[in-house]
Amino acid sequence: MIRTTKLLALCTAFALSACTHPADVSRPLTEVADKNAKFVLHDTPSGFSVEVRYSRYQFVPEMSALLVACRSLVTGRAYDEAKARGRGIEPINEQTIRVSTGRNIIDARTSCRAFPEAHWKA
């Protein structure tokens, strides 16, 4: 009986620890929509650049999923910034986005940095 109770308590603890909340996508990325992402903007003569530092816990590392999320965040942030400034930008080619990834095995966090340049439409 005691063993069953301990097993039930352990299963409940695991189930509760697996609960997550989705990011708030109703707000633009200029606001804090994802606590795992940090953005830095720099103006350039032909537009601006965006840098994202994105990190999340992954028990099993999924680099491809992280790369997709990182590229999506950085391009979304670039388009939100252009909209906020009231100007259009040239389409951002994913091949021109510089991306770097890493993994911290101690805390099981996988991270990436992405850096595209956005150019104003003529």
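## Focus on the side chain of Glu51
Residue placement: Glu51 occurs in strand 2 (residues 47-57). One polar contact links Glu51 to Arg53, side chain to side chain, over a distance of 3.2 Å. At 2.3 Å, the side chain of Glu51 and the side chain of Arg113 are in polar contact. If we ignore the near neighbours within four places in the chain, the residues touching Glu51 are Lys38, Phe39, Val40, Arg113, Ala114 and Phe115.

## Notes on the environment of Ile97
Checked against the element boundaries, Ile97 lands in the loop between helix 2 (63-84) and strand 3 (98-104). Assessed through its relative accessible area of 7%, Ile97 is described here as buried. For the pair Ile97 and Val74, spaced 23 residues apart in sequence, the C-alpha separation works out to 8.9 Å. Ignoring anything within four residues of it in the chain, the contact list for Ile97 reads Arg71, Val74, Thr75, Ile92, Ala114, Phe115 and Pro116.

Analysis parameters
- Residues numbered from 1 in each chain as written.
- Predicted model: local features only at pLDDT ≥ 70, side-chain atom pairs only at ≥ 80, totals over all residues.
- Heavy atoms only, no water.
- Helix = DSSP H or I, 4+ residues; strand = E, 2+ residues; numbered from the N terminus.
- Polar contact = N/O pair within 3.5 Å; in protein donor to acceptor, adjacent residues only side chain to side chain.
- Contact = heavy atoms within 4.5 Å.
- Buried < 20%, exposed > 50% of the residue type's maximum accessible area, 1.4 Å probe, protein only.

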